[in-house]
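Listed below, chain by chain, are the residues.
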Amino acid sequence: MASLAEQLNKIVDKTERLIELCAALQEENDLLKLESEALTVALNASKGKTKELEEKLKVVKVAKSFSETNEKSVDIKQKINDFVQEIDKCIVLLKK
């Protein structure tokens, strides 16, 4: 049977290893938190870029629909004027 001193030394050694392991895990946890924050920022930037590209796509689709129609330029101008009037109405409502 091991002596009391040997048993205490083993306990101290195991405790020191646990403390080192705890410190290493804490450092890894901190690094993972930083990585998570960086990925969150990148995701938000990506979502913003996606939204911006979707808006551009809508504009391109509208422009393409005008170019594909066989309507006269007068009809196209009338549609644009209608859009502008609708936008003006929205602006007036927003100002109220």
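All values derive from a computational prediction rather than experimental measurement. (Residues numbered from 1 in each chain as written. Predicted model: local features only at pLDDT ≥ 70, side-chain atom pairs only at ≥ 80, totals over all residues. Heavy atoms only, no water.)

Things to note about the overall build of the chain
- Along the backbone of the chain there are 2 helices and 0 strands.
- Relative to its length of 96 residues, the chain is extended, with a C-alpha radius of gyration of 33 Å against a globular reference of 12 Å.
- Oriented by its inertia axes, the alpha-carbon framework of the chain measures out at about 105 × 35 × 15 Å.
- Counting over 96 residues, the chain shows a buried share of 2%.
- Counting only carbon and sulfur atoms, one obtains 63% of the accessible surface of the chain, whose full area is about 9000 Å².
- Computed over 17 positive and 18 negative side-chain charges, the separation of the two mean positions in the chain equals 11 Å. (Helix = DSSP H or I, 4+ residues; strand = E, 2+ residues; numbered from the N terminus. Rg over C-alpha atoms; globule rule 2.2 N^0.38 Å. Buried < 20%, exposed > 50% of the residue type's maximum accessible area, 1.4 Å probe, protein only. Areas by Shrake-Rupley, 256 points an atom, 1.4 Å probe, with all protein chains shown as cover. Lys, Arg positive; Asp, Glu negative; His and termini not counted. Charge placed at Lys NZ, Arg CZ, Asp CG, Glu CD.)

Description of the pattern of salt bridges
- Counted according to the given criterion, the structure contains 2 salt bridges.
- Lys56 is the partner of Glu52 in a salt bridge, and the nearest nitrogen-oxygen pair spans 3.6 Å. Of the two residues, Glu52 and Lys56 are both situated in helix 1 (residues 4–68); the distance of 4 residues between them amounts to about one turn of the helix.
- Its relative accessible area of 38% is what places Glu52 among the partly exposed residues.
- Close ionic contact of Glu55 with Lys58 constitutes a salt bridge, the shortest N to O distance being 3.8 Å. (Salt bridge = Lys/Arg side-chain N within 4 Å of Asp/Glu carboxyl O.)

Quick word on a nonpolar patch on the surface
- The grouping of Leu4, Leu8 and Ile11 at the surface amounts to a nonpolar patch, some 320 Å² of accessible area in total.
- Along the chain, the position of Leu4 falls in helix 1. (Patch = residues over 30% accessible without salt bridge, like charges linked within 9 Å, V, L, I, M, F, W, Y side chains within 5 Å.)

Points about the UniProt feature "coiled-coil region" (unreviewed entry) in the chain
- Residues annotated in UniProt with the feature "coiled-coil region" (unreviewed entry) correspond here to residues 8–42.
- Between the end C-alpha atoms of residues 8–42 the distance is 51 Å, and the span holds 100% helix and 0% strand. (UniProt positions renumbered as here; feature names shortened; annotations may be inferred.)

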